[in-house]
Amino acid sequence: MMSTAQRTLLVELLTEELPPKALARLGDAFAEGIANGLRARGLTTDASVVKPYATPRRLAVAITHVLERAPDATIRAKVLPVSVALDANGNPTPPLAKKLAAMGFADLPVASLERAMDGKAEAFFHTYTAAGAQLADALQAALDETLGKLPIPKVMSYQRPDGETVQFVRPVHGLIALHGDTLVPATAIGLSSGNKTLGHRFLSNGEVVIANADEYAATLLDEGRVYASYSARRDAIREQLLAAAGNDHVVMPDALLDEVTALVEWPAVYACHFEKEFLTVPQECLILTMQTNQKYFALTDKPLADGGRLTNRFLIVSNIATDKPEQIVTGNERVVRPRLADAKFFFEQDKKKPLADRVPLLANVVYHNKLGSQLERTQRLAALAGAIAKMTGSDVALAERGALLAKADLLTDMVGEFPELQGTMGTYYARHDGEPQDVALACSEHYQPRFAGDALPVTPTGTAVALADKLETLVGIWGIGLQPTGEKDPFALRRHALGIVRMLIEKRLPVMLPDLLRTAYEGFTTGVADGAYLNDVYLFVLDRLRGYLRERGFAANEIEAVLADQPKYLGDLIERLEAVRAFSALPQAEALAAANKRIGNILKKTAPPADGIVQPSLLMEPAEKALAAALDKVTPLVQTSFEARQYEQALTALAQLRDAVDAFFNDVMVMADDEALRNNRLALLTHLHVQMNRVADLSKLAA
């Protein structure tokens, strides 16, 4: 049985309808704020569990195992340094008396203070017992702190019935503060705490009395017809949607599910229909119309990812449960019809003007005041996409055409109404205009990848245009001095750089990154800085590459080993990294990596001979002869494997050198007094260093 000293605490604010897009965040912040405030004052225990609640009309939290009074605490407080507390004669000073009074110990004699070292100086300390905080006091403080820090999107001022003007996100009508079944006195926003709340606006009858904090959610569910828990309500909506869908599939984005969860307290799902004639409109338009304007859930015959097609049935989430939903259903069907009609009208109107005819009008759309119009940008993209297509062996004419039309749908009515459909509508309109399939797909594919984990373009044409789009943005925006700084990246250059990295690596494109950057730069006739900044852009892309490789599971030292020489071709980086990882697992790897690091340090300090040729006649010591022989044997295998991009085999071959390398450093003096011997040994080490670092800088693997 729970101790009366440790009971569940319930705090609820009853409000007018809260902003739906902020509800989940407000609910979590309210719960965390109250819990943190009580925890800081010693009122919670290790067994305490925090349960947040949030509905359109309430923010609440239940915290288990909350104490009525915090335990007393023994505190050892520093008072003052002895040099300040006592005068030259050892008598108490006014600063000491002032400090003790401030601490609440005005009459405390100096003899009662502890004298101890505090660092290098001696100080007075006082140890005392502080009474634990009372729940009512702690809760009031926690409430005040929490309400002052809530992430309120926009504060509202309103006047209470007593004439007091208060501020909150929405008007507040009630405050509950219960510790078990005991009322905790508290005030907030002009209200005093009680144990009553309101249930569903239409499905409950009057006030709902919460008899005990532990019964809050169950009482609201049974008597108030309210799912108090945001997560429980969300799960209930999801289950009802799936059940109502039957054999169809629900288009259920998280953002829409979250928003609907924040709009209802007692969800009820009903099926509705619209006329089949609207299915002639691109389904992306209809789905977005239903989601954005009406918060409806579209249905498809199979998952969208598998090519699912939209049906003329959709689902709504109502805040009213009834056995006779006909009026709700017909009302929503009546409301959605004009929205779908608008989409159909936009689509039919847009098709009357070919995309190609819209391209010259891009001259009226500013891209950036330093980089010209969207038409000028489109011309740069066409030239750059064509150059990339030539580099990658794809169709130059298709790439140029795809880039020319890629931005034209920005001027269509449909994209003007739904900017999220840019690219998607371009593909539909290009197909209608009779453009080649690859050109049509490039209109949408060139935006890919839009975010981390998004799909890459499928077609070679779409890939060329997508690369051109991201390169032009990256090089152009950087060139006018708007590169990312700290956390600010208004032009999403980090995302563009990551998209470039992914396409070059995952598609193994046969192009050099610096060449791409230079070609993009050459497309700008004015506005951008001198081309020297391209190296900074290149290094910026490499930084994004590091993050990408870490997310793929490679270790930092493996990544640095492969990127040490700042690779220009990225298509084989994964194979190199996997080879480095396999090499690292070999028993010889640690010693060879350490030796490679040592060789690198020697060669940095002492320049190797200019010709770099090893003279067999100058190999005097058995260990250097053995190393030279082993290197002569391994080098052809390393070179052949490297040229065939069999990187693991190339690195594995180096393992044969371990004994010879160890013996060399044990028995041979590299920096011999004889200049000819010294240069010959440096040449041998140079040759060894080259072979060891063909795939990656192995010194980066050394501890």
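Please read these numbers as outputs of a predicted model, since none were measured by experiment. Each chain carries its own residue numbering, running from 1 in the written order of its sequence. Local features in this predicted model are restricted to residues of pLDDT 70 or higher, and side-chain atom pairs are both shown and tallied only at a pLDDT of 80 or more, whereas totals for entire chains, interfaces and linings draw on every residue. Remark: hydrogens and water are excluded; side-chain values derive from all non-hydrogen atoms of the structure.

Regarding the sheet that holds strand β17 (residues 297–300)
No. 1: If DSSP finds at least two bridges between two strands, the strands pair. The helix and strand labels rest on DSSP assignments: H or I over at least four residues marks a helix, E over at least two residues marks a strand, and numbering proceeds from the N terminus. Spatial strand order, β15-β17-β18-β16: 4 strands in an open sheet with antiparallel pairing. If you trace the sheet from one side to the other, it starts and ends with β15 (249–250) and β16 (268–273), each paired once.
No. 2: The pairing of β17 with strand β18 (residues 310–318) spans 3 bridges and is antiparallel. Across the sheet, A298 pairs through a bridge with F314, a residue of β18.
No. 3: Only heavy atoms matter for contacts: two residues are in contact if any of them lie within 4.5 Å across the pair. Axis lines are fitted through C-alpha atoms, for helices just across the contact stretch, and the angle between N-to-C directions can take any value from 0 to 180 degrees. On top of the sheet, helix α8 (residues 283–294) reaches β17 and β18; it is set at about 10° to β18, its chief contact.
No. 4: Of the strands in this sheet, β16 and β18 are in contact with helix α9 (residues 326–351), which crosses β16 at around 55°.

Overview of the sheet that holds strand β6 (residues 121–130)
Two pairing modes exist for strands in a sheet, parallel and antiparallel, and in both the strands are linked by backbone hydrogen bonds.
No. 1: Here we have 3 strands laid out as an open sheet, ordered β4-β6-β5, and antiparallel in their pairing. The two strands at the open ends of the sheet, each matched to only one other strand, are β4 (73–81) and β5 (114–118). Neighbour-to-neighbour, the strand axes of this sheet turn through a mean angle of 40°, independent of strand direction.
No. 2: Where β4 and β6 come together, 7 bridges link them in antiparallel fashion. Within the sheet, the bridge partner assigned to R76 lies in β6 and is T127.

Some remarks on the nonpolar core
No. 1: Throughout this description, the term nonpolar core refers to a set of buried Ala, Val, Leu, Ile, Met, Phe, Trp, Tyr and Cys residues connected via side-chain atoms within 4.5 Å. A simple rule labels every residue: compare its accessible area, found with a 1.4 Å probe on the protein chains alone, to the largest value its type can have, and call it buried under 20%, exposed over 50%, or partly exposed in between. Of all hydrophobic cores here, the largest spans 99 residues; its most connected members are L471, L474, L504, L545 and L688.
No. 2: Looking at this core, the element that brings in the most residues is helix α16 (residues 460–479), giving 10 residues.
No. 3: An automatic or database domain assignment provides the domain bounds reported here. The residues that make up this core include at least three from each of domain 4 (359–553) and domain 5 (573–701).
No. 4: In this view, L504 contacts L467, L509, V511, L513, L516, L570 and G571; residues no more than four positions away in its chain are not counted.
No. 5: Counting 40 residues, the second largest nonpolar core, distinct from the first, contains I34, L43, L59 and A188.

Notes on the layout of surface pockets
No. 1: Taken as a whole, the largest pocket encloses approximately 1,000 Å³ of empty space.
No. 2: A cavity, in this analysis, means grid points on a 1 Å lattice covering only the protein atoms where a 1.4 Å probe fits yet has no way out; a pocket is instead an open set bounded by protein on both sides within 12 Å along at least five of seven lines, and a residue lines either one if it has an atom within 4 Å of a point. Along its surface, the largest pocket is lined by 33 residues, and Q283, E284, L304, T424 and R450 are the ones closest to its centre.
No. 3: Mapped by element, the contributors of at least two residues to the lining of the largest pocket are β15, α8, α14 (424–432) and α15 (437–445).
No. 4: The greatest single-element share of the lining of the largest pocket, amounting to 5 residues, is contributed by α8.
No. 5: If you count residues domain by domain, the lining of the largest pocket takes at least three from each of domain 3 (230–351) and domain 4 (359–553).
No. 6: By volume, the second largest pocket amounts to about 350 Å³.
No. 7: Lining the second largest pocket are 15 residues, with R377, K407, Y447, D469 and H496 sitting closest to its centre.
No. 8: For the lining of the second largest pocket, the elements supplying multiple residues, two or more each, are α11 (374–392), α16 and α17 (493–506). Grid points are joined across faces, edges and corners, and a volume is the space filled by probe spheres set on the points.

Considering helix α18 (residues 513–522)
No. 1: Listed in full, the buried residues belonging to α18 are L513, L516, L517, A520 and Y521. Axial view of α18: buried residues confined to an arc of 135°, hence all on one face.
No. 2: Buried residues along α18 sit against α11, α16, α17 and α19 (534–551). The arc in question is traced by the directions running from the helix axis to the C-beta atoms.

Quick word on the packing of helix α12 (residues 396–405) against α16
No. 1: In the contact formed by α12 and α16, the axes pass within 9 Å of each other and the chain directions differ by 55°. As summarised for this structure, α12 and α16 are arranged oblique, according to the angle between their axes. For the pair α12 and α16, the crossing hand works out as right-handed. Only T461, A464 and V465 of α16 make contact with α12, whose side of the interface consists of L398, A399, G402 and A403.
No. 2: In this classification, Asp, Glu, Lys and Arg are treated as charged, Ala, Val, Leu, Ile, Met, Phe, Trp, Tyr, Cys and Pro as nonpolar, and every other residue, Gly included, as polar. Of the residues in the contact of α12 with α16, the class split is 5 nonpolar, 2 polar and no charged. Roughly parallel refers to an angle under 35 degrees, roughly antiparallel to one over 145, roughly perpendicular to one between 65 and 115, and oblique to any angle outside these ranges. Left-handed describes a crossing in which the near helix is turned anticlockwise from the far one by less than a right angle; the clockwise case is right-handed.

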